[in-house]
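Reading the structure
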Amino acid sequence: MSTMTETTDQSTNTTPPAVVAGAVKLRRRPLLMVVAAALIVAGGGLGALLWSSATTNAEVVIVRASVERGEVIAAEDLATVRVTLDPALQTVPGSGLPDVVGKRAAADLSVGTLLAPSQVTDMVVPATGESMVGIAVAPGLLPSEPLRPGDAVRLVQTPGAGGEVTGKAAPFAIDATVVSVTQGDAQTIVNVVLPSTKAPDLAARAATGKIAVVLDSRVR
């Protein structure tokens, strides 16, 4: 009887304790959690990097009160705002606001728009010794290429509809520079600047409605 009891005790002792396997699993779980957390942080950092590379948050100058072309820009006409910008967009940085005050608007400034460097100028149009003349140009007397401010043009008097050019003398022509172009229903208004001494003659001839606009080279 004593021999059988001893054999039974030995077979019982060969079974591994269940608590050992459980201890191994508990040691592995914290490591998996650390790895998962690291992956989440890395993914968030990569997303933030991609977002910041595509956009830029900056303080820029915005128009707070309307300013007409040629008017002096006052400090109360402007403000600064922080916005997310496309890097390709041309704006005036907030730190540049004091430099803009006292200059003139190169174009009409509308409330709520971001100020661009090209909308500000030190020049006055027309300058001293120059005059501005508005010319109503009929269809067919303008080039098909749209005119732009700064274009050099020649204003040529025509014989009118059905008229003929006679003689060998060169037609009347005056050199001028385009300031702005306004498209109307029947005519296009072209504002030009030229020497003040020639402005009365051009204005009188423009009143006849027989002026053609010739666009000269844009190469400068």
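Everything numeric in this text was worked out from a predicted model, so none of it was measured.

Each value, and the rule that gives it
- Residues numbered from 1 in each chain as written.
- Predicted model: local features only at pLDDT ≥ 70, side-chain atom pairs only at ≥ 80, totals over all residues.
- Heavy atoms only, no water.
- Buried < 20%, exposed > 50% of the residue type's maximum accessible area, 1.4 Å probe, protein only.
- Helix = DSSP H or I, 4+ residues; strand = E, 2+ residues; numbered from the N terminus.
- Arc of directions from axis to C-beta.
- Contact = heavy atoms within 4.5 Å.
- Salt bridge = Lys/Arg side-chain N within 4 Å of Asp/Glu carboxyl O.
- Pairing = 2+ DSSP bridges.
- Axes fitted to C-alpha atoms, helices over the stretch in contact; angles between N-to-C directions.
- pLDDT = per-residue confidence, 0-100.

As a further point, take helix H4 (residues 199–206). Residues spaced three or four apart along an α-helix point in a common direction, a consequence of the helix completing one turn every 3.6 residues. Among the residues of H4, those classed as buried are Ala 199, Leu 202 and Ala 206. When H4 is viewed along its axis, its buried side chains cluster within an angular range of 65° and face the same direction. Where the residues of H4 are buried, they touch strand S5 (130–137), strand S6 (152–157), strand S7 (173–183), strand S8 (188–195) and strand S9 (211–215).

Let us now look at the pattern of salt bridges. Following the criterion strictly, the structure yields four salt bridges and no others. Here Glu 145 makes a salt bridge to Arg 218, at a shortest N to O gap of 3.0 Å. Of the two residues, Glu 145 sits in the loop between S5 and S6 while Arg 218 sits in the segment after S9, which places them 73 residues apart along the sequence. For Arg 218, a relative accessible area of 28% corresponds to the partly exposed category. In this structure, Asp 151 engages Arg 218 in a salt bridge whose closest nitrogen and oxygen atoms are separated by 2.9 Å. Of this pair, Asp 151 sits in the loop between S5 and S6 while Arg 218 sits in the segment after S9, placing them 67 residues apart in sequence. The exposure class of Asp 151 is buried, given its relative accessible area of 4%. A single network of salt bridges, built from pairs that share partners, joins Glu 145, Asp 151 and Arg 218.

Here five strands make up an open sheet; going across it, the order is S5-S8-S7-S6-S9 and the pairing antiparallel. Only two strands of the sheet have a single partner each, and these edge strands are S5 and S9. Strand after strand, the sheet turns through a mean of 40° between neighbouring axes, direction not considered. Relative to S7, S6 runs antiparallel, the two sharing five bridges. What sits directly across from Val 153, in S7, is Ala 176. Seen against the sheet, H4 touches S5, S6, S7, S8 and S9 and runs at an angle of roughly 10° to S5.

Now for the confidence of the model for the protein. When pLDDT is averaged across the protein, the result is 80; 70% of the residues are at 70 or more. Mean pLDDT values over the elements of the protein span from 47, in helix H1 (residues 2–13), up to 95, in S8. Within the model, pLDDT remains below 50 along residues 19–26, and this stretch shows zero contacts once partners closer than five positions in the same chain are excluded.

Moving on: the pairing of S6. Bridge count for S6 against S9 is five bridges, and the pairing is antiparallel. Each residue of the ladder has a partner; that of Gln 157, found in S9, is Ile 211.

Note that Asp 108 resides in the loop between strand S3 (104–105) and strand S4 (120–121). By relative accessible area, Asp 108 is classed as exposed at 55%. For the pair Asp 108 and Gln 119, spaced 11 residues apart in sequence, the C-alpha to C-alpha distance is 8.1 Å. Once residues within four sequence positions are removed from consideration, Asp 108 is found in contact with Val 67, Glu 68 and Arg 69.

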